[in-house]
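Chain by chain, the residues run as shown.
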Amino acid sequence: MSRKFFVGGNWKMNGTKKVADELLSNLVKGPLDPNVEVLIGVPAIYLDFVKEKAPCNIYVAAQNCYKTEKGAFTGEISPSMLKDIGIDWVILGHSERRQIFQETDTLIAEKVNHALESGLSVVACIGETLEEREAGQTEAVVAKQIKAIKEKICNWQNVVIAYEPVWAIGTGKTASPQQAQDVHKILRKWLSDEVNETVAKTTRIIYGGSVTSSNCRELAKECDIDGFLVGGASLKPEFVEIVNANQ
């Protein structure tokens, strides 16, 4: 069962309108592999601006949203608000949300569930820290994180899983193709065992962690790596090369 290659660029807390225009111009110029789904995760304040300018072949995603439709949650954004401005995707559970803002597995799972129920598609991020990897806990950690999501949702059709080892995000360190493939294989087997075989075969599992134009092609060759979630390199011209890594 073929899974369409998927590459997301997470701008994080970077950019201005001018920068957004430059990044969009670079993507439009491309050329981008038409067989790849491309997403850009944009700071909330610029979502409307970027959505109006982005070509139809590029998804625009929020980098976060909350677990309820409305209420007294100062500073938060709801899925319904995102839908109201034409946003159909959201990135949830990024390691920076887990590590810096102390979001728990349960909260992230609740946010994933509400986003899906509200009609959004979700890039759900999981991954272990360096200490957890060195302690041999990688499999247990990612299983715990994905299990929390599984317990809250019943339909995986609009979920992309992003495996992002925390020790490889923004550090310049990248999991080797074999290290990344090993975890992706574990995750796919977990989906087969704990959800069902169809979900395991159809759910895209993408890799994030210092992906660049110099390592993307080797990573893309691995059979269980279905694309990338890219941080710093998504703010550079080389992002086009990463999108085209599977050519």
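To be clear, the structure that these remarks concern was listed above.
Not measured: the values here are computed from a predicted model.

(A) Here's a closer look at empty space enclosed by the protein. Throughout the structure, instances matching the rule amount to 1 cavity of 30 Å³ or more. Of the pockets and cavities examined, the largest cavity occupies roughly 40 Å³. Of the residues in the lining of the largest cavity, the class split is 4 nonpolar, 2 polar and 1 charged.

(B) Examining unusual backbone geometry more closely. For the bond running from glycine 30 to proline 31, omega is -5 degrees, close enough to zero to count as cis. Positive phi, close to 60 degrees, is recorded for glutamine 102, a residue that is not glycine. Residue placement: glutamine 102 occurs in the loop between helix H4 (95–99) and helix H5 (105–117).

(C) Molecular detail of the pairing of strand S8 (residues 227–230). Where burial is concerned, the two faces of S8 agree: the one with Gly227 and Leu229 and the one with Phe228 and Val230 are both buried. Note that strand S1 (residues 5–10) and S8 share 4 bridges and pair parallel. Counted as the bridge partner of glycine 8 is leucine 229 from S8.

(D) Inspection of the layout of surface pockets at higher detail. Here the largest pocket defines a volume of roughly 480 Å³. Lining the largest pocket are 17 residues, with Met13, Gln63, Asn64, Arg97 and Phe101 sitting closest to its centre. The residue makeup of the lining of the largest pocket, split by class, is 8 nonpolar, 5 polar and 4 charged. Counted as a void, the second largest pocket has a volume near 210 Å³. In this structure, the second largest pocket is lined by 18 residues; those nearest its centre are Gly170, Ser210, Gly231, Gly232 and Ala233. Here the lining of the second largest pocket is built from residues that sort into 5 nonpolar, 9 polar and 4 charged.

Here is what the cut-offs are and how they apply
Residues numbered from 1 in each chain as written. Predicted model: local features only at pLDDT ≥ 70, side-chain atom pairs only at ≥ 80, totals over all residues. Heavy atoms only, no water. 1 Å grid on protein atoms, 1.4 Å probe; cavity = no way out; pocket = protein on both sides within 12 Å on 5 of 7 lines; lining within 4 Å. Points joined across faces, edges and corners; volume = space filled by probe spheres on them. Nonpolar A, V, L, I, M, F, W, Y, C, P; charged D, E, K, R; others polar. Helix = DSSP H or I, 4+ residues; strand = E, 2+ residues; numbered from the N terminus. Buried < 20%, exposed > 50% of the residue type's maximum accessible area, 1.4 Å probe, protein only. Pairing = 2+ DSSP bridges.

Everything listed is a geometric property; what it means functionally is a separate question.
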